[in-house]
Amino acid sequence: GSPGSVLPHLEVEIIRAYRAGDMEGALAAQERLHLFREMMVTPKSGDIARAKGALEAMGICDRRMMPPLTSVDDAEVAALKESLKPFLPSKAAAA
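Residues numbered from 1 in each chain as written. Predicted model: local features only at pLDDT ≥ 70, side-chain atom pairs only at ≥ 80, totals over all residues. Heavy atoms only, no water.

**Re the packing of aromatic side chains**
Move 1: Tallying each qualifying case throughout the model produces one aromatic pair.
Move 2: Both rings, one in Phe36 and one in Phe87, keep their centres 5.4 Å apart while their planes meet at 65 degrees; by these two values the pair is edge-to-face. Here Phe36 is found in helix 3 (residues 23–40), whereas its partner Phe87 is found in the loop between helix 5 (74–84) and helix 6 (90–93), with 51 residues between them in sequence. One exposure class covers both Phe36 and Phe87, and it is buried. (Phe/Tyr/Trp six-rings, centres within 6.5 Å; stacked < 30°, edge-to-face > 60°. Helix = DSSP H or I, 4+ residues; strand = E, 2+ residues; numbered from the N terminus. Buried < 20%, exposed > 50% of the residue type's maximum accessible area, 1.4 Å probe, protein only.)

In structure tokens:
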């Protein structure tokens, strides 16, 4: 359920910026990842279920969870798809 497993490009961005000595760029990417993490945690659904829902919204995998965990519903997957757009690389966000 880590945000990096849903948006690994942000973690790569942090590492690349750090290695290049761009601390401002690394911090900006870290802040985006933190905002995404905050968006993923809700009282209604656990972050693992929302992560799987986000991955489904991106066409990567199915949202189904094994009992006793519960999956997010269609409405939440649709909402996640919209919420993900600012965090995706520009090419993926247009899809």
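**Structural notes on the side chain of Arg50**
Move 1: Inspection of the secondary structure puts Arg50 in helix 4 (residues 47–57).
Move 2: Take Arg50: its relative accessible area is 8%, and that puts it in the buried class.

**Structural notes on the packing of helix 4 against helix 5**
Move 1: At a minimum axis separation of 8 Å, helix 4 and helix 5 run at an interaxial angle of 75 degrees. Between helix 4 and helix 5, the angle falls in the class roughly perpendicular. In this structure, helix 4 uses Arg50, Gly53, Ala54, Glu56 and Ala57 to contact helix 5, whose residues at the interface are Glu76, Val77, Leu80, Lys81 and Leu84.
Move 2: Within the contact of helix 4 with helix 5, the residues separate by chemical class into five nonpolar, one polar and four charged. (Axes fitted to C-alpha atoms, helices over the stretch in contact; angles between N-to-C directions. Parallel < 35°, antiparallel > 145°, perpendicular 65-115°, else oblique. Contact = heavy atoms within 4.5 Å. Nonpolar A, V, L, I, M, F, W, Y, C, P; charged D, E, K, R; others polar.)

**Concerning the nonpolar core**
Move 1: In terms of nonpolar packing, the biggest core is built from 21 residues, with Val6, Leu7, Phe36, Met39, Met40 and Leu84 touching the most fellow members.
Move 2: Apart from residues no more than four positions distant in its own chain, Val6 is found in contact with Phe36, Ala51, Ala54, Leu55 and Met58. (Core = buried A, V, L, I, M, F, W, Y, C linked by side-chain atoms within 4.5 Å.)

**Section: the environment of Ala78**
Move 1: The residue Ala78 is located in helix 5 in this model.
Move 2: Overall, the relative accessible area of 45% leaves Ala78 in the partly exposed class.
Move 3: Once the C-alpha coordinates of Ala78 and Glu56 are considered, the two residues, 22 residues apart in sequence, prove to be 9.8 Å apart.

**Considerations on the pattern of salt bridges**
Move 1: One pass over the structure, following the stated rule, counts six salt bridges.
Move 2: Its salt-bridge partner being Glu76, residue Arg50 comes within 2.5 Å of it at the nearest N-O pair. Highlighted residues: Arg50 in helix 4 and Glu76 in helix 5, separated in sequence by 26 residues.
Move 3: For Glu76, a relative accessible area of 7% translates into the label buried.
Move 4: Among the ionic contacts, a cluster of salt bridges with common partners joins Glu56, Arg63 and Asp74. (Salt bridge = Lys/Arg side-chain N within 4 Å of Asp/Glu carboxyl O.)

**A look at helix 4**
Move 1: Along helix 4, the positions that sit buried rather than exposed are Ala49, Arg50, Ala51, Gly53, Ala54, Leu55 and Ala57.
Move 2: Just past helix 4, the residue Gly59 takes up positive phi, approximately 80 degrees.

**Here's the deal with helix 3**
Note: α-helices contain 3.6 residues per turn, so residues at a spacing of three or four share the same orientation.
Move 1: In this model helix 3 runs 25 Å from its N-terminal to its C-terminal C-alpha over 18 residues, within 8% of the 26 Å that 1.5 Å per residue would give.
Move 2: Listed in full, the buried residues belonging to helix 3 are Ala26, Ala29, Leu33, Phe36, Met39 and Met40. Along the long axis of helix 3, the arc covered by the buried residues comes to 145 degrees, so they all point the same way. The exposed set on the far side of helix 3, more than 90 degrees from its buried face, consists of Glu24 and Leu35. (Expected span 1.5 Å × (residues − 1). Arc of directions from axis to C-beta.)

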